[in-house]
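If you want the building blocks of each chain, they are given just below.
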Amino acid sequence: MDLNTISEGNQVFFKKGDFLKAVQIRKNRTLYMDKKKFSLAGVLGHPYGTKFQVTEGRLVKMENWLKVTEAATTSDMITTDNRDLLDKDSNQKMTRDDIMDLKEKGASADNIIEQLVENSVTFKTKTEFSQEKYIKKKKKKHLAEYRIVRPTTRLICQMYFDTKPKSIW
């Protein structure tokens, strides 16, 4: 038994941003977090600190990261800014119903984000920083990604402080 890999019966923390949840790993257990239901069987055998995303009701190790496809050159960064861009609903061609249809069909979060970028009228005219900010915001909304970490004293204290600060004192 390797101490650096996740195995059945281990206590782990699911970490998403600043949110922590303590979970005991069981092969046939399903977990419900962030309005998503998924099986824990996919985490067995992976090292601690691995990032997973929810895909079709199971946790899958994240391999690739969504990158901005058209990076601005340094001369573009100097001359372009966002002062002429208006925040209007018509800037996004996809509707909420289109996004929900993609989710129901089982499209991956990366695919949904790519579709949002392609259907955005103003994405290519934004600065590189604004493009990265847009993608980060969409990933936070549509991508259910979790890092599974080993419980430490600091993380246990942080979890209790975040959820029940009165119980510490």
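The model shown is predicted, which means the values in this text are computed figures rather than measured ones. (Residues numbered from 1 in each chain as written. Predicted model: local features only at pLDDT ≥ 70, side-chain atom pairs only at ≥ 80, totals over all residues. Heavy atoms only, no water.)

Student: Looking at this structure, how should I read the overall build of the protein chain?
Tutor: Of regular secondary structure, the protein chain possesses 5 helices and 7 strands. Counting helices and strands in the order they occur from the N terminus, the protein chain gives β-β-β-β-β-β-α-α-α-α-β-α. When the 169 residues of the protein chain are sorted by exposure, 32% land in the buried category. A sequence separation of at least 24 residues applies to 55% of the contacts in the protein chain between residues at least 6 apart. Accessible surface, the protein chain as shown: approximately 11,700 Å² in total, 51% of it carbon and sulfur. (Helix = DSSP H or I, 4+ residues; strand = E, 2+ residues; numbered from the N terminus. Buried < 20%, exposed > 50% of the residue type's maximum accessible area, 1.4 Å probe, protein only. Contact = heavy atoms within 4.5 Å. Areas by Shrake-Rupley, 256 points an atom, 1.4 Å probe, with all protein chains shown as cover.)

Student: Even after reading the chapter, I still don't get the packing of helix α2 (residues 96–104) against helix α3 (residues 109–118), so can you show me in this structure?
Tutor: The description of two helices packed together rests on the angle between their axes and the distance between the axes. Closest axis-to-axis distance for the α2/α3 pair is 10 Å, and the angle between their directions is 155°. Comparing their axes, α3 and α2 come out roughly antiparallel. Along this stretch, α2 crosses α3, giving a crossing that reads as right-handed. Contacts between α2 and α3 involve Ile99, Leu102 and Lys103 on the former and, on the latter, Ile112, Gln115 and Leu116. (Axes fitted to C-alpha atoms, helices over the stretch in contact; angles between N-to-C directions. Parallel < 35°, antiparallel > 145°, perpendicular 65-115°, else oblique. Left-handed = near helix turned anticlockwise from the far one by under 90°.)

Student: Help me out: how do you make sense of a positive patch on the surface in this one?
Tutor: Together, Lys35, Arg96, Lys103, Lys133, Lys137 and Lys141 line one region of the surface with positive charge. Top contributing element to the positive patch by residue count: helix α4 (residues 128–142), with 3 residues. Tracing the backbone shows Lys35 in the loop between β3 (30–33) and β4 (36–39). Looking at Lys35, the relative accessible area reads 76%, which means it is exposed. (Patch = residues over 30% accessible without salt bridge, like charges linked within 9 Å, V, L, I, M, F, W, Y side chains within 5 Å. Salt bridge = Lys/Arg side-chain N within 4 Å of Asp/Glu carboxyl O. Lys, Arg positive; Asp, Glu negative; His and termini not counted. Charge placed at Lys NZ, Arg CZ, Asp CG, Glu CD.)

Student: Whenever I open this one, the layout of surface pockets confuses me. Can you help?
Tutor: Any empty space left between the atoms is revealed when a probe the size of a water molecule rolls over them. Its boundaries defined by the atoms lining it, the second largest pocket holds a volume of some 450 Å³. Along the walls of the second largest pocket sit Lys15, Lys16, Gly17, Asp34, Lys51, Lys136, Lys139, Lys140, Leu143, Glu145, Tyr146 and Arg147, which together make up its complete lining. Listing elements by their share of the lining of the second largest pocket, those giving two or more residues are β1 (11–16), α4 and β7 (145–149). (1 Å grid on protein atoms, 1.4 Å probe; cavity = no way out; pocket = protein on both sides within 12 Å on 5 of 7 lines; lining within 4 Å. Points joined across faces, edges and corners; volume = space filled by probe spheres on them.)

Student: Help me understand the pairing of strand β5 (residues 51–55) in this model?
Tutor: A regular strand places its side chains so that they alternate between the two faces of the sheet. Counting buried positions over the 5 residues of β5 gives 4, a clear majority of the element. Here β5 pairs with β7 via 3 bridges, running antiparallel. Residue pairing across strands places Phe52 opposite Tyr146, the latter belonging to β7. Bridge count for β5 against strand β6 (residues 58–61) is 4 bridges, and the pairing is antiparallel. Within β6, the residue paired with Phe52 across the bridge is Lys61. Between β5 and β6, which pair antiparallel in sequence order, lie 2 residues; one of them, Glu56, sits at a positive phi of approximately 50°. (Pairing = 2+ DSSP bridges.)

Student: Just checking my understanding: could you explain the confidence of the model for the protein chain for this structure?
Tutor: Parts of the prediction with low pLDDT should not have their coordinates interpreted in detail. Across the protein chain, pLDDT averages 81, with 83% of residues at or above 70. Ranking the helices and strands of the protein chain by mean pLDDT puts β1 first, with 92, and helix α1 (residues 74–79) last, with 48. Confidence drops under a pLDDT of 50 for residues 66–77, and excluding neighbours within four residues, the segment shows 13 contacts in the predicted structure. (pLDDT = per-residue confidence, 0-100.)

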